Structure formats: structure tokens, C-alpha cells
Amino acid sequence: MTNSSPPVHHHGDQHGDQHGHQHGPAQDAELAQMFELPWWQERYGAPEAVWSGRPNSRLVEHAGPLAPGSALDVGCGEGADAVWLAERGWTVTAVDFSQAGIDRARAHAESVGAEVAACITWLREDIRVWAPPRASFDLVTSQFMQQPTIVRRPLFARLAEAVRPGGTLLVVGHHPLDIDTGLRTPANVEAMQDAMYTADQVAADLDPQIWHVQVAEAAGRDVPGPEGDPIRAHDAVLRARRSA
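Anyway, here's the lowdown on the structure attached to this text. (Residues numbered from 1 in each chain as written. Predicted model: local features only at pLDDT ≥ 70, side-chain atom pairs only at ≥ 80, totals over all residues. Heavy atoms only, no water.)

Details of the packing of aromatic side chains
- Applying the stated criterion to the full structure yields 1 aromatic pair.
- Where phenylalanine 156 meets tyrosine 197, the ring centres are 5.5 Å apart and the plane angle is 80°; that geometry is what we call edge-to-face. On the criterion of sequence distance, the pair formed by phenylalanine 156 in helix α7 (residues 149–161) and tyrosine 197 in the loop between α8 (189–195) and α9 (199–204) is long-range, its members being 41 residues apart. By the burial criterion, phenylalanine 156 is buried, and tyrosine 197 matches it. (Phe/Tyr/Trp six-rings, centres within 6.5 Å; stacked < 30°, edge-to-face > 60°. Helix = DSSP H or I, 4+ residues; strand = E, 2+ residues; numbered from the N terminus. Buried < 20%, exposed > 50% of the residue type's maximum accessible area, 1.4 Å probe, protein only.)

Topic: the environment of valine 213
- By secondary structure assignment, the location of valine 213 is in strand β6 (residues 211–224).
- Judged by relative accessible area, valine 213 falls into the partly exposed class, the value being 32%.
- Residues valine 213 and leucine 169, 44 residues apart in the sequence, show an inter-C-alpha distance of 9.3 Å.
- Excluding anything up to four places from it in sequence, valine 213 contacts Ala203, Leu206, Leu238, Arg239 and Ala240. (Contact = heavy atoms within 4.5 Å.)

Overview of the pattern of salt bridges
- If you walk through the whole model with that rule in mind, you get 11 salt bridges.
- With its nearest N and O atoms 2.9 Å apart, the salt bridge here joins aspartate 126 to arginine 128. Like arginine 128, aspartate 126 is buried.
- One salt bridge connects aspartate 235 with arginine 221, and the closest N-O pair in it is separated by 2.6 Å. With aspartate 235 in strand β7 (residues 230–242) and arginine 221 in strand β6, this pair connects stretches of sequence that are 14 residues apart. In terms of burial, aspartate 235 and arginine 221 fall into one category: buried. (Salt bridge = Lys/Arg side-chain N within 4 Å of Asp/Glu carboxyl O.)

Focus on the pairing of strand β1 (residues 70–74)
- Counting buried positions over the 5 residues of β1 gives 5, a clear majority of the element.
- Side chains Ser70, Leu72 and Val74 of β1 all project onto a buried face; the interleaved residues Ala71 and Asp73 project onto the opposite face, where all are buried too.
- Alignment of β1 against strand β2 (residues 91–96), held across 5 bridges, turns out to be parallel. By the bridge assignment for β2, alanine 71 is matched with valine 92.
- Following the chain from β1 across helix α4 (residues 80–87) to the adjacent parallel β2, one finds a crossover that is right-handed.
- Relative to strand β4 (residues 137–143), β1 is paired through 4 bridges, and the arrangement is parallel. The residue of β4 that forms the bridge with leucine 72 is valine 140. (Pairing = 2+ DSSP bridges. Right-handed = clockwise from strand over helix to strand, strands pointing away.)

Focus on unusual backbone geometry
- Of note in this structure, alanine 135 is not a glycine but carries a positive phi near 50°.
- Counting through the fold element by element, alanine 135 comes out in the loop between β3 (120–124) and β4.
- Relative accessible area serves as the criterion here: at 38%, alanine 135 is assigned to the partly exposed category.
- Of note, the phi angle at phenylalanine 144 is positive, near 60°, even though the residue is not glycine.
- Tracing the backbone through its elements, the reader meets phenylalanine 144 in the loop between β4 and α7.
- Classification of phenylalanine 144 by relative accessible area gives buried; the value is 0%.

Below you can see the structure in the form of C-alpha cells.
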């Protein structure tokens, strides 16, 4: 499922923020590869875990108060978010384009317990083109799935359509403010800037007759910088409730 589209970036908050890339031909080549399936297959197939195993903090903050129901976790990576939801009584559909990532996520769930593992359905799909079933989930969550605008807007539209009436859409991503911090500044800065977005940009594509935007903000948090000193990162956080 390789594709020439720019960034597909999984889980970048406390799972392990990645610091800026240096300029140069080798780094340009690496940037082009790191957003494609073979790169992630190799990375998730390595002996060491890529992420921390903890759920994303924005998911915990915003989904924690919700009553459990059916959830769609898009770009599930190694499964920490899906497991956290299942532990709290959610029935979860978790989607990623890397089979190696899904295998690792499934093993994580099984290590937590059979009851938790039974609550999660794992799907291997390329979310750049995959369409989830419409009006089927009480919660649809996308955590740090960075896409170029031309891919992101139709993707988020499909995710919004998957939320049933009364359900919640939760989208979290790297905010453009982070370009100035040096945290996420690759050689191809223009491509990365296009892959970042604000919560207001996401909210602007939601029909106000259907959606009540509950949160649209740039939420700050401190992360270790390249030299070990704390740097203020910003997450674009959109939480909206579907009314119809």
C-alpha cells in the first residue's frame, strides 16, 4: 500500500516526540521514506517498541469522561489507545496500515488480558483511502495522524461521517506553532507545515447544523528538547459532538 503522498505520522505525543531533522540529501531521502508503509513495517518489526505503551494524554483527557460505547481508533500504531479504551469498557475498532504495527498492538492487548483483547477488532487499512462505515461509532479518535491538506480534509470528513448521532469526534495533531520550536522541522519544511493543522481548520469543515464544537484549541505541554531541556509543544485539539 505504498503511496507517494506526504506525511503519515503515527502518535507523536508522549508515545515519543521526535525531534527536528537535519538538512541534507540523505535526510531528504529519509523524510520521503518515513511516511510510507515499508518504513513503518521495518520500524514496527524491530525488537524494541516504538512508543511508550501509554495512551495519548489528549485521549485520556477528553475521552475519559465519556460513557463507554463503540470507538474507532484511526492510526492505532502499537495499540496503547485502543487498549486503554477497551479497559474502560469500550468496544474498539483499531485501524492501521502497518501489519507489523497491528501484530504488535494485538500482542499488547493480549498481554493485558483476554477480556480486553476480545473488545478490540484490528483492521489493516490505508486510512488515506479507506472509508469507515457511516454513523457507526460513539467515538471516533484520530491522534497525531499528520496528512497533507489534500488528503487530510477528505479523511477527516470520512471520520466525521462515521460518528453516530450523539457521538464524539476527537482529532488531535501537531500544531503549526511547533515549527518554530525546532521539535518537528525536517529538511522539507514546507511538506511538514502542510501536514500540520489547527483545530479551527478542522472545525471549519464541520457542518454547524450537525456538529457542536466543544473544544477547539492549541493545547500546550512540555516535552524534552534535543538538548534535554523542556520545550513547549502545542497540540491541535478538536472535540465535537454530533447532534444529528
